[in-house]
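These are the residues of each chain, in order.
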Amino acid sequence: MKYSMSFLLIACQLFSYGQQTGVFKIDSLPPTGIFLNKGWRWHKGDNAEWAKQDNDSAAWKEVYPDKFVFDALPLAGRDSVCWLRLYFTIPVKEKENYSLMIEQSGATQVFFNGEKIKEYGVISNDKKQIKAFNPMGKPLLIFPKTGGIQTLSVRYFFQPGMTYRNLFNMRHFLFRVKLVKIGNAINIYSSHRAPINEGFNVGFCLVFFITHLILYLFYPVSRSNLSFSLWAFFSLIGNIYLVKQYSSNFVEDRSFNALVVLTAFMFAGISLALSMYLLLKQKTRLLIVLITLLHVSNVLITLYGDNNKWPFISFGMEILVPLLILIIAFNGIRQKVSGAYIIAGGAFCYIIFWTAFNLSLLFNMESYINDITFHLAAFVFPVSISLVLG
């Protein structure tokens, strides 16, 4: 009788939670973990009682927090504090530790089974003092209870005046969280950095900048060396701020650094095209003007266009620019300009590697494949121009 009553109480608890919001049931956990992306609810406002595990959230609204922040919540939900909650079950074994790998766009207090386990960012009653913080997947250790339902609650603050744009590696999720066993989480987090890091890019661009600036100073007639050194300079600035972006967790700082990177790379692309134009001794300015307009348009679309569509538009523009460069190179070949074949080959290889890079992202290939194809695309064309200039 005693055991029957205990079973009945547990069954009633499970039924009660299921009636409230639905429970995300996890039968097994793969080595790579699983995204907790179903069954979330949210409520506007603030109440300390909402942190408790047994608080009734049946009236809360459904939400998908792993979406882009503007798509996940309506505007009315982003003007003040709100709460998120998820109920889930997981087969917990003894001596197994779990972790949460979180990406977010606000400042939060995270509660697990009613207990506060972490605070991210700066939280204040003065809205001007609130600072959004993204832990970028750094493992957060949790201790699930054996049996029953686990409760994850999040007290969420938005930083006023933030403009969220998905630039480079930045993805502004409302609250994306993955459940992973702690050992696997540490491996995933430590391997997140690409094998060819931005320090390599900085050194590479610095060498090019110094080399071609010296060549121009000794032979100022060759303005293509000056343009190429400007490409290296702007690329150097862009990569330095890319390093700063990776090393910062505060969303505002990351957004500013990304904006600097975007602007620097725009000027770098224009300078590189101008260097090739001067090197191949082209007379018509139409193509170089078109290339400049494409670079500027790409930045404007990235900043002000549809956040879900701009990566595809940007990819198209990144392909269109080297196609125009190929046309300039073929004009140089027809005019029998020295080095035109090398530059045309560099532009063609860029198209191949840039396409391969985007396909590797599309099909979620290994990070080292993304990294290698990206760096081959980034430097194969500049190297071809440098070879001709040298």
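The structure reproduced in this document is the subject of the present report.

What counts and what doesn't
- Residue positions are counted from 1 within each chain, in the order its sequence is given.
- Totals for whole chains, interfaces and linings use all residues, but because this is a predicted model, local features are given only for residues with pLDDT of at least 70 and pairs of side-chain atoms are given and counted only at 80 or more.
- Think of the side-chain values as coming from all heavy atoms in the structure, minus any hydrogens and water.
- A helix here means a DSSP run of H or I that spans at least four residues, while a strand means a run of E at least two residues long, and both kinds are numbered starting from the N terminus.
- Should any heavy atoms of two residues lie within 4.5 Å, those residues are considered in contact.
- Note on areas: these come from Shrake-Rupley sampling with a 1.4 Å probe, and a residue is covered only by the protein chains present in the view.
- Residues enter patches when they are more than 30% accessible in relative terms and free of salt bridges; like-charged ones are connected within 9 Å and nonpolar ones (Val, Leu, Ile, Met, Phe, Trp, Tyr) within 5 Å.
- Note on definitions: salt bridges are taken to be side-chain nitrogens of Lys or Arg within 4 Å of carboxyl oxygens of Asp or Glu.
- Only protein chains enter the accessibility calculation, which uses a 1.4 Å probe; a residue is then buried when its area is under 20% of its type maximum, exposed when over 50%, and partly exposed in between.
- Here is the rule: rings of Phe, Tyr and Trp (six-membered ring for Trp) pair when centre to centre is within 6.5 Å. Planes less than 30 degrees apart are stacked, more than 60 are edge-to-face, and the remainder are tilted.
- Whenever a helix is involved, its axis is fitted only over the stretch in contact; in every case the axis is a line through C-alpha atoms, and angles between N-to-C directions fall within 0 to 180 degrees.
- Should an angle lie under 35 degrees it is considered roughly parallel, over 145 roughly antiparallel, and from 65 to 115 roughly perpendicular; all remaining angles are considered oblique.
- Crossing chirality is assigned from the near helix's rotation relative to the far helix, an anticlockwise turn below a right angle marking it left-handed and a clockwise turn marking it right-handed.
- Think of a nonpolar core as a cluster: buried Ala, Val, Leu, Ile, Met, Phe, Trp, Tyr and Cys residues, connected wherever their side-chain atoms sit within 4.5 Å.
- For two strands to be treated as a pair, DSSP must find at least two bridges joining them.
- Here, expected helix span is obtained from the residue count minus one, scaled by 1.5 Å.
- Axes are fitted to the seven residues ending at a residue and to the seven starting at it; the angle between these axes is taken as the bend at that residue.

Glancing now at the overall build of the protein chain. Secondary structure summary: the protein chain contains ten helices and eleven strands in total. Look at the contacts in the protein chain between residues 6 or more apart in sequence, and 77% of them connect residues 24 or more apart. Of the roughly 20100 Å² of accessible surface on the protein chain, a fraction of 64% belongs to carbon and sulfur atoms.

Now for a nonpolar patch on the surface. A grouping of L206, I210, I214, L217, F218, Y219 and V221 is seen on the molecular surface, where their side chains present a nonpolar patch of about 780 Å² in accessible area. Residue L206 is classed as partly exposed on the basis of its relative accessible area, which comes to 37%.

The next thing to look at is the environment of M266. Here M266 shows up in helix 6 (residues 251–279). Along the chain, M266 and S297 lie 31 residues apart, while their C-alpha atoms are 9.8 Å from each other. Those residues in contact with M266 that sit more than four places away from it in its chain are H295, V296 and V299.

A few words now on the packing of aromatic side chains. Geometrically, a pair of aromatic rings is defined through the distance of the ring centres and the angle of the planes. One pass over the structure, following the stated rule, counts 24 aromatic pairs. Both rings, one in F70 and one in Y164, keep their centres 5.8 Å apart while their planes meet at 80 degrees; by these two values the pair is edge-to-face. Taken as a pair, F70 in helix 2 (residues 69–72) and Y164 in the loop between strand 10 (150–157) and strand 11 (175–181) lie far apart in primary sequence, 94 residues in all. Ring plane angle 55 degrees and centroid distance 4.3 Å describe the contact between F204 and F379, whose orientation is recorded as tilted. Taken together, the positions of F204 in helix 4 (residues 198–218) and F379 in helix 10 (residues 367–389) put the pair 175 residues apart, joining distant regions of the chain.

Let us now look at the packing of helix 5 (residues 223–247) against helix 10. One way to put it is that helix 5 packs onto helix 10 with a least axis distance of 11 Å and a crossing angle of 150 degrees. Here helix 5 lies roughly antiparallel to helix 10, going by the angle between them. For the crossing formed where helix 5 meets helix 10, the hand is left-handed. Along its contact with helix 5, which presents S224, N225, F228 and W231, the element helix 10 presents F379, P382, I385, S386 and L389.

What follows deals with the nonpolar core. Among the nonpolar cores identified, the biggest contains 40 residues, and W231, M276, L280, I343, F381 and I385 are the most heavily contacted of them. Residue assignment for this core shows that the elements contributing at least two residues are helix 4, helix 5, helix 6, helix 7 (286–304), helix 8 (310–334), helix 9 (340–362) and helix 10. The biggest single contributor to this core is helix 8, with nine residues. With residues near it in sequence (within four places) discarded, F381 still touches L272, M276, I325, I343, G346, A347 and Y350.

Here we come to unusual backbone geometry. A positive phi angle is found at M136, which is not glycine, with a value near 55 degrees. With respect to the helices, strands and loops of the structure, M136 is situated in the loop between strand 8 (115–120) and strand 9 (140–142). Taking relative accessible area as the criterion, M136 reaches 22% and is therefore assigned partly exposed. Its identity is not glycine, yet K336 carries a phi of approximately 60 degrees, on the positive side.

Let us now look at the environment of V23. Residue placement: V23 occurs in the loop between helix 1 (2–20) and strand 1 (24–25). In this structure V23 comes out as partly exposed when scored by relative accessible area, which is 31%. When the C-alpha positions of V23 and Q150 are compared, they lie 9.3 Å apart, and in sequence the two are 127 residues distant.

Now for the pairing of strand 6 (residues 98–104). When you tally the buried positions in strand 6, you get six out of seven residues, the bulk of the element. Across three bridges, the pairing between strand 6 and strand 9 is antiparallel. Bridged to Y98 within strand 9 is I142. Taken together, the seven bridges between strand 6 and strand 11 define a ladder with antiparallel strand orientation. Following the sheet pairing, M101 is matched in strand 11 by K178.

So, about helix 10. For helix 10, spanning 23 residues, the distance from its first C-alpha to its last is 34 Å, which sits close to the expected 33 Å at 1.5 Å a residue. Along helix 10, the largest kink reaches about 30 degrees and is centred on F379; proline P382 follows within four residues of it. If you check which residues of helix 10 are buried, you get N370, D371, T373, H375, A377, F379, F381, P382, S384, I385, S386 and L389.

The subject of this paragraph is the sheet that holds strand 6. Overall, antiparallel pairing links the four strands, which are arranged 2-11-6-9 in an open sheet. Bordering the open sheet on either side are strand 2 (34–35) and strand 9, each of which pairs with just one other strand. Sheet contacts for helix 3 (residues 182–190): strand 6, strand 9 and strand 11; angle to strand 11, the most-contacted strand, approximately 120 degrees.

As a further point, take the pattern of salt bridges. Pairing of side chains with opposite charge becomes possible as their charged atoms draw close. Counted by the stated rule, this structure contains five salt bridges. As a salt-bridge pair, K116 and E119 come within 2.8 Å of each other at their nearest N and O atoms. The class for K116 is partly exposed, based on a relative accessible area of 44%.

Now for helix 9. Taking 1.5 Å per residue as the helical rise, helix 9 with its 23 residues ought to reach 33 Å, and the 33 Å between its terminal C-alpha atoms agrees with that figure. Residues of helix 9 that are buried: A340, I343, A344, G346, A347, Y350, I351, W354, F357 and S360.

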